[in-house]
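Residue-level listing of the chains:
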Amino acid sequence: MFLAETNRIRQLLHLSFVGVVSPSDLSHSVEEVRFLLADLTPGFVLLTDLSRLETMDLACEAQIGRLMDVCRERGVGRIIRVVPEPSKDIGLNILSIFHYNAGTRAIVCDSLPEAARHLSP
């Protein structure tokens, strides 16, 4: 399952990947994220949460890349990722090299509470 939500006040886009994620779970993700990003301004924070991910099909790579492209186009300022187990890292660091601007770096956290500390001003 793919879940996306925004918090306008915090200028935050929160993407969650839950359970077993397949390409069909991501079939409308780009359109959904594009719609949600209309509420945010350039410099927004992207929080990607893999804490509830069991597995992701390798065929999801193209859609994940497109999601990154949309975030780059809308001016993502900071990226925070929750990756509790290294085996759940689905290659986001490698994909980032090709889909984000060179100056955009990601902070990788072990838990959502750790990520929340990076979200605080």
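These figures come from a predicted structure and were not determined experimentally.

## What about the overall build of the chain?
Moving on, step 1. A tally of regular secondary structure across the chain gives 4 helices and 7 strands.
Moving on, step 2. Taken over the C-alpha trace, the chain has a radius of gyration of 13 Å; the compact-globule value for 121 residues is 14 Å, and the two agree within 12%.
Moving on, step 3. Its C-alpha atoms give the chain principal-axis dimensions of roughly 30 × 30 × 25 Å.
Moving on, step 4. For the chain, with 121 residues in total, the buried portion stands at 44%.
Moving on, step 5. Taking contacts inside the chain between residues at least 6 apart in sequence as the whole, the part at least 24 apart equals 82%.
Moving on, step 6. Surface exposure of the chain reaches about 6,600 Å², of which carbon and sulfur atoms provide 56%.
Moving on, step 7. Counting 12 positive and 15 negative side-chain charges, the chain places the centres of these two groups 8 Å from one another.

## Focus on the pairing of strand β7 (residues 106-109)
Moving on, step 1. Only one face of β7 is covered, namely the one carrying I107 and C109; the face carrying A106 and V108 has none of its residues buried.
Moving on, step 2. Summarising the sheet, strand β6 (residues 78-82) and β7 pair through 4 bridges and their orientation is parallel. Considered in β7, the bridge of R81 is made with V108.

## Concerning the sheet that holds strand β1 (residues 2-7)
Moving on, step 1. Across the sheet, which stays open at both edges, the 5 strands sit in the order β1-β2-β4-β6-β7 with mixed pairing between neighbours. Edge positions in the sheet fall to β1 and β7, since each of these pairs with one other strand and no more. Ignoring which end each strand starts from, the neighbouring axes of this sheet average 15° apart.
Moving on, step 2. Contacting β1 and β2 (12-17), helix α1 (residues 29-37) runs over the sheet at an angle of about 5° to β1.

## Overview of the side chain of T48
Moving on, step 1. Looking at the secondary structure, you find T48 in strand β4 (residues 45-49).
Moving on, step 2. What T48 contacts, discounting residues up to four positions off in sequence, is L15, F17, I80, R81, V82 and L92.

## Quick word on the environment of L67
Moving on, step 1. Looking at where L67 falls in the secondary structure, it is placed in helix α2 (residues 61-73).
Moving on, step 2. Through-space distance from the C-alpha of L67 to that of S29 is 7.4 Å; in sequence the pair is 38 residues apart.
Moving on, step 3. Every residue in contact with L67, bar those within four places of it in the chain, is listed here: F2, S29, V30 and V33.

## A closer look at α1
Because each turn of an α-helix spans 3.6 residues, side chains separated by three or four positions end up pointing in the same direction.
Moving on, step 1. Of the residues making up α1, those classed as buried are S29, V30, V33, L36 and L37. One face of α1 carries all of its buried residues, which in axial projection span an arc of 130°.
Moving on, step 2. Against the buried residues of α1 lie β1, β2 and α2.

## Here's the deal with the packing of aromatic side chains
Moving on, step 1. Applying the stated criterion across every chain yields a total of 1 aromatic pair.
Moving on, step 2. With centroids separated by 5.4 Å and ring planes inclined at 55°, the aromatic side chains of F2 and F17 adopt a geometry described as tilted. Here the residue F2 occupies a position in strand β1, and F17 occupies one in strand β2, the gap between them amounting to 15 residues.
Moving on, step 3. The exposure class of F17 is buried, given its relative accessible area of 3%.

Calculation criteria
Each chain carries its own residue numbering, running from 1 in the direction its sequence is written. Residues qualify for local features only when their pLDDT is at least 70, as the model is predicted, and side-chain atom pairs are given and counted only at 80 or more; totals for whole chains, interfaces and linings, by contrast, use all residues. The basis for every side-chain value is the complete set of heavy atoms in the structure, and neither hydrogens nor water enter the calculation. In this description a helix means any DSSP run of H or I spanning at least four residues, a strand means any run of E spanning at least two, and both kinds are numbered starting from the N terminus. Computation of the radius of gyration draws on C-alpha atoms, with the globule rule given as 2.2 Å multiplied by the number of residues to the power 0.38. Relative accessible area decides the class of each residue, using a 1.4 Å probe on protein chains only: under 20% of the type maximum gives buried, over 50% gives exposed, and in between gives partly exposed. Contact between two residues is taken to exist if any of their heavy atoms lie within 4.5 Å; hydrogens are not considered. Only the protein chains shown count as cover for residues, and all accessible areas are computed by the Shrake-Rupley method using a 1.4 Å probe. Charge counting follows a simple rule: Lys and Arg are positive, Asp and Glu are negative, and His as well as the terminal groups are ignored. By convention, charge coordinates are those of NZ in Lys, CZ in Arg, CG in Asp, or CD in Glu. We treat two strands as partners when DSSP finds at least two bridges between them. As a rule, the C-alpha atoms of each element are fitted with a line to give its axis, helices using only the stretch in contact, and angles between N-to-C directions run from 0 to 180 degrees. What the arc measures is the spread of directions leading from the helix axis to the C-beta atoms. To pair, rings of Phe, Tyr and Trp, with the six-membered ring standing in for Trp, must have centres within 6.5 Å; the planes then decide the type, stacked if under 30 degrees apart, edge-to-face if over 60, and tilted in the middle.

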